[in-house]
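The residues making up each chain are set out below.
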Amino acid sequence: MNVTELEGFKVHISKGKCLVNPENITIEAWSTEELNSIIEVLAMILPPLKVNYAKEWRCVTLREFEKLISIYSSGKITFCAKDLEEAKLILNYVKFLIEKAKKEYMENGPPEEKELELKKKLTVLELYKCLPKTNCGLCGQPTCIALADKILRGEASLNDCKPLKDPKNTYLVEKLRERFGERILKSLGWY
Ligand code: SF4
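Cut-offs and rules
- Residues numbered from 1 in each chain as written.
- Predicted model: local features only at pLDDT ≥ 70, side-chain atom pairs only at ≥ 80, totals over all residues.
- Heavy atoms only, no water.
- Helix = DSSP H or I, 4+ residues; strand = E, 2+ residues; numbered from the N terminus.
- Polar contact = N/O pair within 3.5 Å; in protein donor to acceptor, adjacent residues only side chain to side chain.
- Domains from an automatic or database assignment.
- Buried area = accessible area lost by both parts, 1.4 Å probe.
- Salt bridge = Lys/Arg side-chain N within 4 Å of Asp/Glu carboxyl O.
- Near = heavy atom within 4 Å.
- 1 Å grid on protein atoms, 1.4 Å probe; cavity = no way out; pocket = protein on both sides within 12 Å on 5 of 7 lines; lining within 4 Å.
- Sits in = over half its atoms within 2 Å of the grid points.
- Phe/Tyr/Trp six-rings, centres within 6.5 Å; stacked < 30°, edge-to-face > 60°.
- Buried < 20%, exposed > 50% of the residue type's maximum accessible area, 1.4 Å probe, protein only.

Mapped onto the elements of the fold, histidine 12 is located in strand 2 (residues 9–15). For the pair histidine 12 and asparagine 2, spaced 10 residues apart in the sequence, the C-alpha separation amounts to 6.1 Å. There is a polar contact of 2.9 Å between the side chain of histidine 12 and the backbone oxygen of asparagine 2.

Structure, rendered in structure tokens:
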């Protein structure tokens, strides 16, 4: 197998294997380190609809750059890209995520299984129930439920809801914290 180096990863590039577009190149890359200890953290730090964690494969699949990027605990990373430039962009993004997950792991350790489950099952409606529900539009969305949807997709953050920072809404933040926990709030962009 022809292996080269790209953005600090060992990479094998093949053509004609992408099911979506046969013109794409398929990348199989290997991180220089195993990702065993941080694989669940990777699943935890991203918004729920942006990531899927397959426990049996110990594999995290993310949606980014309109692509599916799979990261395995062994350190293997697979995705399709239109060219080498896009592959580099994606690998740099993966590198950024790995560093972020390592930092999170150092600070808080691995997530508990119940946290991962809770995050996986989090719905737009559940999140909406913890927002102010005034549809004031200050977040740039026409309604609170629209913001809740964008947050779960990773297209907006909880922090965009300024009224949530109003002391009169502290009870809602407490509700969010109680319902989902600090780590999930962080993955929804609360800071
Ligand atoms: S800023 Fe907050 S309260 Fe206002 S519409 Fe957006 S989510 Fe609702």
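Our next topic: the domain arrangement of the chain. For the chain, the domain assignment lists domain 1 (3–111) and domain 2 (122–187). On a C-alpha basis, the centres of domain 1 and domain 2 stand 28 Å from each other. A buried area of about 910 Å², summed over both sides, lies between domain 1 and domain 2, and 53% of it is on carbon and sulfur atoms. The largest share of the area that domain 1 buries against domain 2 comes from Met44, Pro48 and Leu49, three residues that together contribute 51% of it. At the boundary of domain 1 with domain 2, the tally comes to two salt bridges.

The subject of this paragraph is the site of the ligand. Within the structure, the ligand sits among Pro132, Thr134, Asn135, Cys136, Gly137, Leu138, Cys139, Cys144, Leu147, Cys161 and Pro163. More than half of the atoms belonging to the ligand lie within 2 Å of the grid points that define the largest cavity.

Time to look at the packing of aromatic side chains. Here the structure, examined in full by the defined rule, presents two aromatic pairs. With a centroid separation of 5.4 Å and an interplanar angle of 90 degrees, the aromatic rings of phenylalanine 65 and tyrosine 93 are classed as edge-to-face. Of the two residues, phenylalanine 65 is situated in the loop between strand 5 (59–64) and strand 6 (67–72) and tyrosine 93 in helix 2 (residues 84–108); the sequence distance between them amounts to 28 residues. Judged by its relative accessible area of 28%, phenylalanine 65 falls in the partly exposed class. Since its relative accessible area comes to 16%, tyrosine 93 is described here as buried. Linked through ring pairs, Phe65, Tyr93 and Phe96 together constitute an aromatic cluster.

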